[in-house]
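# Tertiary structure, described
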Amino acid sequence: MTAEMASHAAKVPAPAQRYFDAIGVSTHGRSDHPVISMTFRPETGWRRYPIHKRVSMSVVRRLRADGVTHVQLRAAGHAADFSVAELMRGPAVPAIS
């Protein structure tokens, strides 16, 4: 994996970054990166995500391709629901290590 690929994986979608920044939760460090805790598909409803995967644009694109329309993200004990379409809008924000 190249350094460029590794840095891409660490980018938080802009809407999630703005939300967590607004409530005072830092998502700039590796340990505070938002993770996906639940996913929503219209045919099955909300389901726990089997692993707490760090959110990134590539993960969001993969979820959209799998039919997921909404996700719940957690960071530093706070949770927020986002539509996949909302997360796809705007640039990703690089994580600061």
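The structure this text deals with has already been given above.
Residues numbered from 1 in each chain as written. Predicted model: local features only at pLDDT ≥ 70, side-chain atom pairs only at ≥ 80, totals over all residues. Heavy atoms only, no water.

Moving on: unusual backbone geometry. Here A76, not a glycine, exhibits a phi torsion of approximately 50 degrees, which is positive. Note on placement: A76 falls in the loop between β4 (70–75) and β5 (78–83). Judged by its relative accessible area of 53%, A76 falls in the exposed class. (Helix = DSSP H or I, 4+ residues; strand = E, 2+ residues; numbered from the N terminus. Buried < 20%, exposed > 50% of the residue type's maximum accessible area, 1.4 Å probe, protein only.)

Moving on, we get to helix α2 (residues 14–22). Along α2, the residues classified as buried are A14, P15, A16, Q17 and F20. Taken from the residues just after α2, G24 is the one with a positive phi, measuring 85 degrees.

Once that is clear, we can look at the sheet that holds strand β2 (residues 35–41). Spatially, the 4 strands line up as an open sheet ordered β3-β2-β4-β5, and their pairing is antiparallel. Pairing within the sheet leaves two strands with one partner each, and these edge strands are β3 (45–54) and β5. When the angles between neighbouring strand axes are averaged without regard to direction, this sheet yields 25 degrees. Inspection of the sheet shows β4 paired to β5 by 6 bridges, in the antiparallel sense. What sits directly across from R74, in β5, is A79. (Pairing = 2+ DSSP bridges. Axes fitted to C-alpha atoms, helices over the stretch in contact; angles between N-to-C directions.)

Right, let's talk about the packing of aromatic side chains for a bit. In total, this model carries 3 aromatic pairs according to the counting rule given. An angle of 80 degrees between the planes, with centres 6.0 Å apart, marks the rings of Y19 and F82 as edge-to-face. Highlighted residues: Y19 in helix α2 and F82 in strand β5, separated in sequence by 63 residues. Since its relative accessible area comes to 32%, Y19 is described here as partly exposed. By relative accessible area, which is 4% here, F82 ends up buried. Through a chain of ring-to-ring contacts, three or more aromatic side chains come together here, namely Y19, F20 and F82. (Phe/Tyr/Trp six-rings, centres within 6.5 Å; stacked < 30°, edge-to-face > 60°.)

A few words now on the environment of R54. Summarising the element assignment, R54 is placed in strand β3. Assessed through its relative accessible area of 24%, R54 is described here as partly exposed. Along the backbone, R54 and R74 are 20 residues apart, and their C-alpha atoms lie at a distance of 9.4 Å.

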